[in-house]
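Per-entry structural report
Spelled out from the first residue to the last, the chains are:
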Amino acid sequence: MPGRTEELVASLTARIREGLIQPGERLPTEHDLVREHGVSRTVVREAISRLQAAGLVHTRHGRGSYVLAQPSTTPFDVGAAGKLTEQGAVELIEFRTAIETESSALAARRRSAAQLAGIREALDTFTASGGNPAAAVDADFRFHLRIALASGNRYLSDLLTSFGPSLIVMHRDRLPPEAGRFALAVTEHENIYGAIERGDAEGARAAARVHLGNSTVRMRESLRTAKRE
């Protein structure tokens, strides 16, 4: 299992990738990181050094460490979900299936305790967002992005980061169309999380495939409903 330094690096990297700390903003102080994560100053300094080596932050003497812009990450523009044709939406979910089934399997093998807690937090937020479609989309995206981050493969996490919440192919005003269908989506996310928690790579891969297959069905039903109105 990863050590304390690796867990802190993963946590800070996730916050940067998710935009919780924007380019140009300062990281929490060394004192705050020690208190928040329960680690030593040595661990904090080593984590910051690794973020510097990865090109994510720059430390200014006496002023702290600041997040750098990430010019290497080119946005993969798929357009707003509501502007996609049905065929385009199906193709996007097929693309996600190819990427996220393996991402989930890798996360089951490699995730740290801190990364698992981050996935759980995103899932809990998604579960509680049934009455707020925009919040559901954002929480759904964070759930899948955090799995990609936990995969330990930076290409997977960079790719999902470049999509942003537009990766979630649903009309914001139609998610969820009804409580029962939303509950099924929550259960599918729980199944993915459960397999990752158990370290079951094949189970995580299968659960992700089932979820994305069902997402195609829900998306088509949503589009048909929209056409009738």
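Residues numbered from 1 in each chain as written. Predicted model: local features only at pLDDT ≥ 70, side-chain atom pairs only at ≥ 80, totals over all residues. Heavy atoms only, no water.

Along the chain, the regular secondary structure elements total 9 helices and 2 strands. The order of helices and strands in the chain, counted from the N terminus, is α-α-α-β-β-α-α-α-α-α-α. Residues classed as buried in the chain amount to 46% of the 229 residues present. In the chain, the proportion of contacts linking residues at least 24 apart, taken out of those at least 6 apart, comes to 74%. Carbon and sulfur atoms provide 53% of the accessible area of the chain, an area that totals close to 11300 Å². (Helix = DSSP H or I, 4+ residues; strand = E, 2+ residues; numbered from the N terminus. Buried < 20%, exposed > 50% of the residue type's maximum accessible area, 1.4 Å probe, protein only. Contact = heavy atoms within 4.5 Å. Areas by Shrake-Rupley, 256 points an atom, 1.4 Å probe, with all protein chains shown as cover.)

Moving on, we get to the environment of glutamate 30. Mapped onto the fold, glutamate 30 is located in helix α2 (residues 30-37). A relative accessible area of 24% places glutamate 30 in the partly exposed class. Discounting chain neighbours no more than four positions away, the residues touching glutamate 30 are Arg41, Val44 and Arg45. In this structure the side chain of glutamate 30 is engaged in a polar contact, spanning 2.6 Å, whose partner is the side chain of arginine 41. (Polar contact = N/O pair within 3.5 Å; in protein donor to acceptor, adjacent residues only side chain to side chain.)

For the chain, the mean per-residue pLDDT works out to 82, and 84% of the residues sit at or above 70. Mean pLDDT per element in the chain: helix α7 (residues 154-163) is the minimum at 81, and helix α8 (residues 179-198) is the maximum at 92. Segment residues 171-177: pLDDT under 50, and 18 contacts once partners within four positions in sequence are set aside and those in other chains are kept. (pLDDT = per-residue confidence, 0-100.)

Right, let's talk about the environment of threonine 5 for a bit. One can find threonine 5 in helix α1 (residues 4-17). Spatially, the C-alpha atom of threonine 5 lies 5.6 Å from that of alanine 47, the residues being 42 residues apart in sequence. For threonine 5, the contacting residues outside a window of four places in its chain are Val43, Glu46, Ala47 and Arg50.

Another point: the packing of helix α4 (residues 86-110) against α7. Packed helices, taken two at a time, are described by the angle their axes make and the gap between the axes. Relative to each other, α4 and α7 sit at 140°, their axes nearing to 11 Å. One way to sum up the angle between α4 and α7 is to call them oblique. In the packing of α4 onto α7, the handedness of the crossing is left-handed. Counting all contacts with α4, which are made through Leu92, Phe95, Ile99, Glu100, Ser103 and Leu106, the residues of α7 involved are Leu156, Leu159, Leu160 and Phe163. A class-by-class count of the residues in the contact of α4 with α7 yields 8 nonpolar, 1 polar and 1 charged. (Axes fitted to C-alpha atoms, helices over the stretch in contact; angles between N-to-C directions. Parallel < 35°, antiparallel > 145°, perpendicular 65-115°, else oblique. Left-handed = near helix turned anticlockwise from the far one by under 90°. Nonpolar A, V, L, I, M, F, W, Y, C, P; charged D, E, K, R; others polar.)

This part is about α4. With 25 residues, α4 should reach 36 Å at 1.5 Å per residue; the first-to-last C-alpha distance of 35 Å fits that figure. The largest bend along α4 reaches roughly 25° and is located at threonine 97. (Expected span 1.5 Å × (residues − 1). Bend = angle between axes of the 7 residues up to and from the residue.)

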